Amino acid sequence: MSRYPIELGAPAWDYAPAPESRAVARLDVGMQGRLHIGGEWVDAADGATFATHSPATEEHLADVALAGAVDVDRAVAAARAALPAWSALPGAERAKHLFRLARMLQERAREFAVLETLDNGKPIRETRDFDVPTAAAHLFHHAGWADKLDWAGLGASPRPVGVVGAIIPWNFPLLMLAWKVAPALASGSTIVLKPAETTPLTALRFAELCQQADLPPGVVNVITGAGATGAALVRHPGIDKVAFTGSTAVGKDIQRALAGTGRRLTLELGGKAANIVFADAAIDQAIEGIVDGIFFNQGHVCCAGSRLLVEEPVHDLVVERLKRRLATLRLGDPLDKNTDVGAINSAAQLGRITALADAGEAEGAERWSPDCALPERGHWFPPTIFTGVSQSSRIAQEEIFGPVLSVLTFRTPEEAVTKANNTPYGLSAGIWTEKGSRILWLADRLRAGVVWANTFNRFDPSSPFGGMKDSGFGREGGRQGLLAYLEAASNDATGAGGGIDG
Amino acid sequence: MAERIPVLRTAKLFIGGAFPRSESGRTFEVVAPDGTFLANAALASRKDVRDAVVAARSAQPGWAGATAFNRGQVLHRIAELVEGRRGQFIDELRAHGADEHAAAHEVDATVDRLIWYAGWTDKFAQVAGSVNPVAGPFFNVSVPEPIGVVAIIAPQASALLGLVSVVAPALVAGNTVVVVASQQRPLPAVSLTEVLATSDVPGGVVNVLTGQVAELAPTLAGHLDVDGLDLTGLTGLPGASDAGTDVDATALEAAAAEGVTRVLAAPSVEPDFLRTPRGIERIMTWCDIKTVWHPKGT
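Residues numbered from 1 in each chain as written. Chains lettered and ligands numbered in written order. Predicted model: local features only at pLDDT ≥ 70, side-chain atom pairs only at ≥ 80, totals over all residues. Heavy atoms only, no water.

### As for the domain arrangement of chain A
By a frequent convention, interface size equals the accessible area lost on bringing the separate parts together. All names here are of chain A. For chain A, the assigned domains are domain 1 (23-269 + 467-487) and domain 2 (274-453). Residue-level contacts link 31 residues of domain 1 with 33 residues of domain 2. Interface area for domain 1 against domain 2, summed over the two sides, is near 2700 Å², with a carbon-plus-sulfur share of 56%. Considering only the side of domain 1, the residues that lose the most area to domain 2 are Trp-170, Met-468 and Lys-469, jointly responsible for 22% of the buried surface there. (Domains from an automatic or database assignment. Contact = heavy atoms within 4.5 Å. Buried area = accessible area lost by both parts, 1.4 Å probe.)

### Some remarks on the interface of chain B and chain A
The partner chain A presents 51 residues to the 43 residues of chain B that form the contact. Taken as a group, Val-260, Arg-278 and Trp-293 of chain B account for 19% of the area that chain B buries against chain A, more than any other trio of residues on that side. There are 2 salt bridges connecting chain B and chain A. Residues Lys-252 of chain A and Glu-258 of chain B are paired through a salt bridge, measuring 3.3 Å at the closest nitrogen-oxygen approach. Here chain B is connected to chain A by 24 residue pairs in polar contact (both at pLDDT 80 or more). Those elements giving two or more residues to the side of chain B that touches chain A turn out to be helix H5 (124-128), strand E4 (138-146), helix H9 (249-256), strand E9 (262-264), helix H10 (281-285) and strand E10 (287-295) of chain B. For the side of chain B that touches chain A, the element with the highest residue contribution is E10 of chain B, accounting for 8 residues. (Salt bridge = Lys/Arg side-chain N within 4 Å of Asp/Glu carboxyl O. Polar contact = N/O pair within 3.5 Å; in protein donor to acceptor, adjacent residues only side chain to side chain. Helix = DSSP H or I, 4+ residues; strand = E, 2+ residues; numbered from the N terminus.)

### Things to note about the packing of aromatic side chains
The relation between two aromatic rings is expressed through the spacing of the ring centres and the mutual angle of the planes. Residues and elements named next belong to chain A. Under the defined criterion, the tally for this structure stands at 16 aromatic pairs over all chains. When the centroid spacing of 5.8 Å and the interplanar angle of 35 degrees are considered together, the rings of Phe-172 and Phe-296 count as tilted. Placement of Phe-172 in the loop between strand E6 (163-167) and helix H5 (173-187) and of Phe-296 in the loop between helix H9 (283-295) and strand E12 (307-311) is noted, with a sequence separation of 124 residues between them. Given a relative accessible area of 10%, Phe-296 falls into the buried group. Through a chain of ring-to-ring contacts, three or more aromatic side chains come together here, namely Phe-130, Phe-172, Trp-179, Phe-296, Trp-452, Phe-456, Phe-459 and Phe-465. Sitting above the plane of the Tyr-485 ring, Lys-241 keeps its charged end 4.9 Å from the centroid. Sitting above the plane of the Phe-278 ring, Arg-438 keeps its charged end 4.5 Å from the centroid. (Phe/Tyr/Trp six-rings, centres within 6.5 Å; stacked < 30°, edge-to-face > 60°. Buried < 20%, exposed > 50% of the residue type's maximum accessible area, 1.4 Å probe, protein only. Lys NZ or Arg CZ within 6 Å of the ring centre and 35° of its normal.)

### Description of the environment of Lys-47 of chain B
Residues and elements named next belong to chain B. Topologically, Lys-47 is positioned in helix H1 (residues 46-65). Residue classification places Lys-47 among the partly exposed residues on the basis of a relative accessible area of 37%. For the pair Lys-47 and Gly-162, spaced 115 residues apart in the sequence, the C-alpha separation amounts to 26 Å.

### Some thoughts on the pairing of strand E5 (residues 149-153) of chain B
All names here are of chain B. Summarising burial for E5: 5 of the 5 residues are buried, a large majority. Residues Val-149, Ala-151 and Ile-153 line one face of E5 and the alternating positions Val-150 and Ile-152 line the opposite face, and both faces are buried. Note on the crossover from E5 through helix H6 (residues 161-172) to strand E6 (residues 176-180): the handedness is right-handed. Where E5 lies against strand E8 (residues 228-230), 3 bridges are found, and the strand directions are parallel. Bridge pairing in E8 places Ile-152 opposite Asp-230. (Right-handed = clockwise from strand over helix to strand, strands pointing away. Pairing = 2+ DSSP bridges.)

Put into structure tokens, the structure is as follows:
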């Protein structure tokens with residue numbers, strides 16, 4: 001790797017360490033090693049457990065239960081048993097349960113932020129300012145829906161979809177939990193949730209919070225495990241709907257497994273977003289957006305702006321300023337409040353990022369990283385920029401899911417659209433220009449479920465999020481997202497019915 | 001004076017606005033319920049399917065790029081021309097077994113259904129979209145967009161009304177369509193292609209194939225340039241006893257997964273298409289929501 005110190009006038013600030021206390025995470029207490037099923041903490045039927053580690057230090061954090069087919073069965077049965085009473089509860093009462101969860105999450109925000117940072121490796125600045133507050137906001141927003149379902153768009157008295165099987169990824173563990181739990185509970189559905197194997201702790205802590213909040217047993221069930229646990233859950237005949245966020249490959253497997261079952265499905269899969277910068281853009285703002293687009297959460301973001309498309313005349317300027325900005329990013333201890341870039345979530349993910357970055361170099365792109373020291377222990381990858389990337393290069397085509405930006409150029413808006421859409425994915429896209437008509441022209445033509453213009457990586461519970469093409473189907477957030485958890489009262493045959501959620 | 005011999009119509013496929021015979025050169029006999037010969041229809045091949053998908057894909061950006069008002073006018077124009085051929089459609093439905101009253105009722109309902117969907121083109125986005133009150137200084141808007149190319153297995157019993165009831169909603173948002181007509185009752189679909197060809201529908205926006213669902217559906221389901229798969233017409237297909245017509249719905253849905261294709265599964269019974277559709281569900285089945293953000297500031 002070519003790495004050289006950068007002399008572009010970047011200020012060289014020194015920061016004293018400012019670590020957040022980890023005591024609040026209470027790793028020594030809690031429900032370690034157990035599943036949360038039907039309001040009880042239970043061991044896996046066969047007693048199996050697995051360990052979760054800190055990606056930043058590789059230290060052992062906790063042992064959690066490894067749910068097998070028997071446990072999946074029990075969890076689905078518990079969710080099924082809880083469904084009649086929960087769905088019959090007046091919406092206003094379900095709403096109060098959700099409001100309570102939102103409030104209690106806010107009360108314990110610091111604890112959840114620290115626990116998430118420990119287990120995931122992302123900076124405390126992000127868990128504190130983004131993951132936890134946005135998760136709480138999602139619960140709060142959907143609480144208000146619970147007694148207003150008649151306005152969801154399916155006519156009067158829509159029915160809950162039933163028992164939801166949710167599989168969530170490791171990049172935003174608590175937030176993805178909230179994206180599934182909040183609309184499910186608001187609709188009157190019950191849920192069995194499986195967090196990712198490398199980040200199970202905040203989901204277990206959330207189950208504890210559900211208990212504390214007196215949520216009826218079985219409404220929220222959390223089972224920990226790996227791929228086999230998830231595979232058993234999505235294939236379980238007692239599930240009415242699967243909500244999956246994760247890789248496109250696994251999403252296709254799930255869609256295949258559900259073929260012919262009539263069960264409903266939403267998929268939020270991978271992405272390879274183009275972030276398009278025109279020469280007339282406010283360049284300094286664009287630089288901040290580019291950095292946020294690809295280095296937020298170490299690039300472990302399905303909608304990350306991983307392909308930077310720069311209008312040719314400003315390519316050199318943008319790359320120069322980008323390098324200067326990257327030189328100021330602080331990589332290191334995720335619990336340090338000054339840290340911008342945390343640890344890569346797992347050794348396996350680090351391996352994938354490393355392999356793809358090496359492939360980029362082998363295919364002739366020029367690689368650059370700021371001169372930053374990587375901690376000796378843990379999984380780390382420096383912020384990296386590739387210039388001179390060709391459209392066909394693997395780093396321009398494949399999702400890296402890491403802090404790696406591929407820079408390409410274009411000359412006309414038409415070329416920008418063609419290059420941006422030249423991917424099987426269609427999750428998000430970015431546009432940077434001061435010309436309003438051009439923004440709207442591009443927004444119409446970009447095949448992406450979310451388009452950020454003069455901003456990037458913004459999320460809100462009222463704003464539908466989700467992909468086109470191989471990035472999946474269904475939306476999360478807002479009225480449109482809620483529809484995935486509801487069915488019309490009279491599902492007559494001339495309507496579309498079942499299957500895909502709009 | 002000798003009785004005049006009527007000129008018979010050749011039943012062809014409709015691909016990219018043209019009327020090819022099947023590239024395979026094959027035909028099949030269309031017969032009335034009592035076995036009377038009605039016509040030789042083109043027996044479409046897998047190659048015809050691929051040609052039709054290419055035509056649909058090529059036509060899609062133009063159709064989606066037309067104004068909603070324009071798409072509404074085109075759908076209305078289709079209704080006008082179906083009305084004008086009312087007698088022809090009634091005759092074909094009767095040839096396929098409907099009594100006179102039912103056939104007339106079905107044609108009337110078909111015209112009305114087209115008008116109903118024509119009116120939705122510039123309205124459904126207001127119903128399905130939203131301006132979202134996000135917690136920050138941003139303009140945030142969500143709008144439905146067509147997913148692209150929709151492959152449809154048309155209903156088997158309702159050969160005209162059913163066909164229009166599944167094709168029109170896909171067209172409303174700007175999708176283009178490849179549709180396999182009712183296997184045993186293809187004549188109204190063939191006549192509809194003649195309407196489509198003369199009603200300002202751009203070539204390739206609707207492509208109609210006649211033939212065996214069992215032969216054509218797998219190619220459609222697994223085609224990576226197909227974005228949506230409507231299996232409504234699997235219901236009521238001629239039974240497995242009829243060699244070569246056995247269709248595995250589960251296998252088709254599984255094949256669609258490779259392209260993350262949106263699937264509308266086959267219903268347990270063929271829907272009663274005489275009933276007015278429930279809202280915009282069928283339109284939205286073939287749409288994705290796009291959300292656009294922009295900061296507000298001075």
